[in-house]
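A structural walkthrough
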Amino acid sequence: MTLSDRIKWSEDGLVPAIVQDAQSKEVLMLAYMNKESLKLSAESGVTWFWSRSRNELWNKGATSGHTQQIRSMSYDCDADTLLVRVDQKGPACHTGSYSCFFNEIEVAGAEAVSVATSENRFAILGELESVIAQRYAERPEGAYTTYLFEKGLDKILKKVGEEATEAIIAAKNGDNDELRSEASDLLFHLLVLLRERGLPLDDVMAELQSRHGKPATNNAMRREQAEK
């Protein structure tokens, strides 16, 4: 059975495709694919959609340069919706916004989600990763993150090194207030570095998870013995 045969197409021969940033996990846009655009997307590795308003195929970013390199594609349990995870170059929205979903709706009790608990105490890292991804795509004038991305990798690496050194000095001085501040700066710049290099925070967390509970490697054991 071909991929096309596995999809439950609508009466007009389309299927909705949710496009998600593979790094920040932010939902970027919703578009539609037909059989031809799905085939082109799978074969080319970049997103192709069917424009319902123009009745034609369109390659996302072909004119704007804001292309979407596909990391993975999947379909849901009913086979009537696609999820496309991409590396987004520039804004995804035609308005110039990072994501098409920028019109907020007030929901009663929604603020309670932001309160730190044992279950979501690291949620701020995900939120910060999303903000950094937005800055990377939109490059708003005057934003510090824009400045870092415009200066490039060497500048970002320099800042990571500086913040790491300042965190070490704060710890050496026994100043936890200063250490808290410097550690926050270090984490922020490290997230900027990950975005610049196209490495999702999830991959780092997966690496930590894979190491958890494992015995020390031979190299690590040799280093430990050498330090004694």
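Scroll up for the structure.
Residues numbered from 1 in each chain as written. Predicted model: local features only at pLDDT ≥ 70, side-chain atom pairs only at ≥ 80, totals over all residues. Heavy atoms only, no water.

**Let's talk about the packing of helix 4 (residues 144-151) against helix 5 (residues 153-172)**
Two quantities define a packed helix pair, namely the angle between the helix axes and the distance between the axes. At their nearest, the axes of helix 4 and helix 5 sit 5 Å apart, and the two run at 120° to each other. Considering the angle they form, helix 4 stands oblique to helix 5. Touching Tyr144, Tyr147, Leu148, Phe149 and Lys151 of helix 4 are Leu153, Lys155, Ile156 and Lys159, all from helix 5. Looking at the contact of helix 4 with helix 5, its residues break down into 6 nonpolar, no polar and 3 charged. (Axes fitted to C-alpha atoms, helices over the stretch in contact; angles between N-to-C directions. Helix = DSSP H or I, 4+ residues; strand = E, 2+ residues; numbered from the N terminus. Parallel < 35°, antiparallel > 145°, perpendicular 65-115°, else oblique. Contact = heavy atoms within 4.5 Å. Nonpolar A, V, L, I, M, F, W, Y, C, P; charged D, E, K, R; others polar.)

**Focus on the nonpolar core**
One broad rule of soluble globular proteins: the nonpolar side chains tend to lie buried together. Counting residues in each nonpolar core, the largest one holds 19 residues, and the members touching the most others are Leu28, Met33, Phe49 and Leu82. Taken together, the elements giving at least two residues each to this core come down to strand 1 (15-21), strand 2 (27-33), strand 6 (82-88) and helix 3 (123-138). If one sorts the elements of this core by residue count, strand 2 sits on top with 4 residues. Counting 11 residues, the second largest nonpolar core, distinct from the first, contains Val160, Phe188, Leu191 and Leu201. (Core = buried A, V, L, I, M, F, W, Y, C linked by side-chain atoms within 4.5 Å. Buried < 20%, exposed > 50% of the residue type's maximum accessible area, 1.4 Å probe, protein only.)

**Things to note about helix 4**
Among all positions of helix 4, only Thr145, Thr146, Leu148 and Phe149 are buried. In an axial view of helix 4, the angular spread of the buried residues amounts to 160°, which keeps them on one side of the axis. Exposed residues pointing more than 90 degrees away from the buried face of helix 4 are listed as Glu150 and Lys151. Structurally, helix 4 contributes buried residues whose contacts are with helix 3, helix 5 and helix 6 (176-197). (Arc of directions from axis to C-beta.)

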